[in-house]
Structure formats: C-alpha cells, structure tokens
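Reading the structure
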Amino acid sequence: MSYNVTIEPTGEVIEVEDGQTILQAALRQGVWLPFACGHGTCATCKVQVVEGEVDIGEASPFALMDIERDERKVLACCAIPLSDLVIEADVDADPDFLGHPVEDYRGVVSALVDLSPTIKGLHIKLDRPMPFQAGQYVNLALPGIDGTRAFSLANPPSRNDEVELHVRLVEGGAATGFIHKQLKVGDSVELSGPYGQFFVRDSQPGDLIFIAGGSGLSSPQSMILDLLERGDTRQITLFQGARNVAELYNRELFEALAAQHPQFSYVPALSQASDDPTWQGFKGFVHDAAKAHFDGRFGGQKAYLCGPPPMIDAAITTLMQGRLFERDIFMERFYTAADGAGESSRSALFKRI
C-alpha cells in the first residue's frame, strides 16, 4: 500500500510506501524538504498537514509541542501517512538544485590514506555510479556501529563510481575511531545518498570564495575540482585553515591547481604558526586570511563555508562586515558527538543557524 503526498507551495507529488516517512520518500524521489537531524529532535523538517491523516511517529515533545500537534503540524522525518496527504512545507524551489534521488549503495574500501595526523582519506568503490552535485554528502553505515554517519564527498561528480571521504578522528567517536583504527582495504560498507543543499549556485553571478577548516575541506575540494573541470571562468579563491603544517593536508593539490588555472587562487592559513620559522604563509585564523586578502571588502562575491561551528561563525561575521549578506553566503557546519549532534550533521537552512 502507498499514499500520495502533495507538497505545497510547489505542488510536487510524492508516493510514500507503507511505513515510510514523508522525508524518506521525498529524498528518494529527488524532492528536497528542509531537514537536519533526521530523527525528530531538531524541528527543521516541521510541516503543516492540510488534508489527510498521519501518524506523527516518535517526534520529540521539545521539537513538536502539544499545541503544534493540535494544529496538525508534524515532523517530516518521523511522520508516516495513513492516507493521501496535502502538506505545506518551507520549501523554496532552487533553480540550481539537480534533485538526484537518494539511493542505497554497497561499496568496498579501495584505499585508506593518512592525510594528516588526525584526518584520514577513505575511498570506497561503489557497486554502481552515484550521481550527485559537488558539495553534497552521504550517510555511511559501518559494521558493528549503530546508525549512520554523514560525511561530505570530496571527489568531483565526474568520478562518481568511487567516493572519497575525509574523516577526522573524534575523541570517543565510535564511527571515526572504527574508520581510523579498524577499517581495512577490502572491507564492505553500505551508504546512501546524495544528501544536502550545499552546492555552487551557478545561476547567481559573482566570483567565488571558499573558506574551509579541518576536514571541512572535503566539500570545497569537490566543488573546486568540479568548477575547474567544467571550465568555469569566475575567479575562485580557497582559504584553507589549519593549526599547523602537519594538519594542512592536500596543500600540494591546490598549489598545483593554482599553477594550472589562472582563475584559481589558494591561500593557506595556520592558526598556531607563530613559533614556526619555516612557515612563510599567513599566520592567524582563516577568516582573518580572507579579510587580509580582500582588504576587508567582499562585495559582489559568493562565499561557501565549510568546517567547525566556531570557524563558520567567525567567517560569517567577517564576511558581513565586508558587505556580504545572507543571500551571498552558503555553508555546512561540521558537528561531532561532543556537540550533541552525532558524529556529523548538517544544517539545511541558513536561517535556522
């Protein structure tokens, strides 16, 4: 048995199988609904039921209050239709979103690369190609680990039969600890994807700024490789932040790209390099490197930020002081289990930060 769910204001109709949530069905049919946690605790996916009957599922009482339940609001990540539905969602049609459906994949670990003392490159050969947009992510399932973990794709969409993930070792993290210490080449894993609304808005004019910290380099790497492969002529500047030279991974890759492509510039920044006489690059935080490079003026550009929340917050402040606005800034915040949000999660909307 299945039910049709009409999503207003776009008018899109999805088919939801018996026992499937509204969010699961939407993503697997290439229809994007705002979401973040995916398990009923953050309220990002809250929608209004206009017509029909629905089981609200295991929605947290903090994310979906009693008065909201009485008003027939539900969380799409928990709600299961009991009839055909009409819902209203906070959805803006994005002309640059390709809407690749989420699918399940099996893979085999093809390589494990030590990128830095704390970050490992995980390469997975898939059972079939996975179409995606540069900047999106996958949910990875690992043997013996409960649940899935979200990791951004570092490879460009042109190489979609093998995915590359950058995994930072998190203290006490079950999944990242397993990947760093136990996972081996040849092991089988499962994943689903692609997910996310972090991608380059090609229809919007303006040169491009990328600011990345830690393993947050993964999405910008995919996006920049894709842009250069497609012959994009806009000026592209990558600011990569790390604590020290050892953590500044893939530096040689981006230096080579900058030498090959006149429209691409690479600016690494080390926050703990004050006592390193061998470092000739920028010394300080990555947002300060961006401010110094552009003399504090960012008007007319589009910025893409990816990394830990403190880096994102500092970068937003710097960019807005330099005359960029909400419509000019796109981001992915990387959370860990210590942040109370699982090993990694995604904020789907800027306004919900």
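Residues numbered from 1 in each chain as written. Predicted model: local features only at pLDDT ≥ 70, side-chain atom pairs only at ≥ 80, totals over all residues. Heavy atoms only, no water.

1. Re the overall build of the chain
Broken down by element type, the chain carries 7 helices and 19 strands. Over its C-alpha atoms the chain spans a radius of gyration of 21 Å, differing by no more than 12% from the 20 Å that the globule rule assigns to 353 residues. Dimensions of the chain, computed from C-alpha atoms along their principal axes, come out at roughly 65 × 50 × 35 Å. For the chain, the residues scored as buried account for 54% of the 353 residues in total. (Helix = DSSP H or I, 4+ residues; strand = E, 2+ residues; numbered from the N terminus. Rg over C-alpha atoms; globule rule 2.2 N^0.38 Å. Buried < 20%, exposed > 50% of the residue type's maximum accessible area, 1.4 Å probe, protein only.)

2. Here we look at the packing of aromatic side chains
Counted under the stated rule, the structure contains 10 aromatic pairs. Pairing Y137 with Y195 gives two aromatic rings, centres 5.5 Å apart and planes at 25°, and the pair type is stacked. Highlighted residues: Y137 in strand β10 (residues 137-141) and Y195 in strand β13 (residues 188-195), separated in sequence by 58 residues. Of the two residues examined, Y137 and Y195, each falls in the buried class. Here a set of aromatic residues connected by ring pairs shows up, and it is made of F198, F210, Y304 and F330. Positioned above the aromatic ring of Y105, the side-chain terminus of R128 is 4.2 Å from the ring centre. (Phe/Tyr/Trp six-rings, centres within 6.5 Å; stacked < 30°, edge-to-face > 60°. Lys NZ or Arg CZ within 6 Å of the ring centre and 35° of its normal.)

3. Looking at the side chain of S83
Secondary-structure assignment places S83 in the loop between β6 (80-81) and β7 (85-88). In this structure the side chain of S83 is engaged in a polar contact, spanning 2.8 Å, whose partner is the backbone nitrogen of E53. Excluding residues that lie within four positions of it along the chain, S83 makes contacts with Y3, G52 and E53. (Polar contact = N/O pair within 3.5 Å; in protein donor to acceptor, adjacent residues only side chain to side chain. Contact = heavy atoms within 4.5 Å.)

4. Here's the deal with the nonpolar core
Considering soluble globular proteins, one finds that nonpolar side chains tend to be buried as a cluster. Core analysis: the largest hydrophobic core is formed by 34 residues, its most contacted members being I7, I14, I22, L33 and I87. Ranked by the residues each element gives to this core, the list is headed by helix α1 (residues 22-28), at 5 residues. Split by domain, the residues of this core number at least three in each of domain 1 (2-89) and domain 2 (103-195). Excluding anything up to four places from it in sequence, I87 contacts V5, T6, I7, E8, I22, V47, Q48, V49 and V50. One finds V200, L208, F264 and Y304 within the second-largest nonpolar core, a separate group that totals 29 residues. (Core = buried A, V, L, I, M, F, W, Y, C linked by side-chain atoms within 4.5 Å. Domains from an automatic or database assignment.)

5. Regarding the sheet that holds strand β17 (residues 282-283)
Read from one edge to the other, the open sheet built from 6 strands follows the order β17-β16-β15-β14-β18-β19, with strand pairing classed as parallel. If you trace the sheet from one side to the other, it starts and ends with β17 and β19 (329-333), each paired once. Both strand β16 (residues 264-270) and β17 contribute to a ladder of 2 bridges, which runs parallel. Bridging across to β17, A269 finds its partner in F282. (Pairing = 2+ DSSP bridges.)

6. Here we look at the pairing of strand β2 (residues 12-17)
In this sheet, β2 lies alongside strand β1 (residues 2-8) in antiparallel orientation, the contact comprising 6 bridges. By the bridge assignment for β2, I7 is matched with E12. From the end of β1 to the start of β2, which pair antiparallel, there are 3 residues, and G11 there has a positive phi angle of about 80°.

7. Considerations on unusual backbone geometry
Apart from glycine, the bulk of residues carry a negative phi angle, and the bulk of peptide bonds sit in the trans form. Between E8 and the following residue, P9, the backbone shows a cis peptide bond with an omega angle of 15°. With respect to the secondary-structure elements, P9 resides in the loop between β1 and β2. In the segment running from G193 into P194, the intervening peptide bond is cis, with an omega of 5°. Positionally, P194 belongs in strand β13. Of note in the backbone geometry, A43 takes a positive phi value of approximately 75° without being a glycine. Its place among the elements puts A43 in the loop between α1 and β3 (46-51).

8. Considering helix α4 (residues 218-229)
Its 12 residues give α4 an end-to-end C-alpha distance of 17 Å, which sits within 8% of 16 Å, the value for a rise of 1.5 Å per residue. Within α4, 11 of the 12 residues are buried, which leaves it mostly tucked inside the rest of the structure. For α4, the full list of buried residues reads S218, S219, P220, Q221, S222, M223, I224, L225, D226, L227 and L228. Among the residues trailing α4, G231 stands out with phi positive, at a value near 75°. (Expected span 1.5 Å × (residues − 1).)

9. Quick notes on the sheet that holds strand β9 (residues 119-126)
Backbone hydrogen bonds hold the strands of a sheet together, and the pairing may be parallel or antiparallel. Read across the open sheet, the 6 strands follow the order β11-β10-β13-β8-β9-β12; overall the sheet is antiparallel. Bordering the open sheet on either side are β11 (148-152) and β12 (162-168), each of which pairs with just one other strand. Between one strand axis and the next, the sheet turns by 40° as a mean value, whatever way the strands run. Of the pairings in the sheet, the one linking strand β8 (residues 103-114) to β13 comprises 6 bridges and is antiparallel in character. Opposite G107, over in β13, you have V189 as the bridge partner. The strands that helix α3 (residues 174-181) touches are β9, β10, β11 and β12; relative to β12, the one it contacts most, it runs at about 110°. (Axes fitted to C-alpha atoms, helices over the stretch in contact; angles between N-to-C directions.)

10. As for the domain arrangement of the chain
Taken domain by domain, the chain consists of domain 1 (2-89), domain 2 (103-195) and domain 3 (208-333). Using C-alpha coordinates to define each centre, domain 1 is positioned 37 Å away from domain 3.

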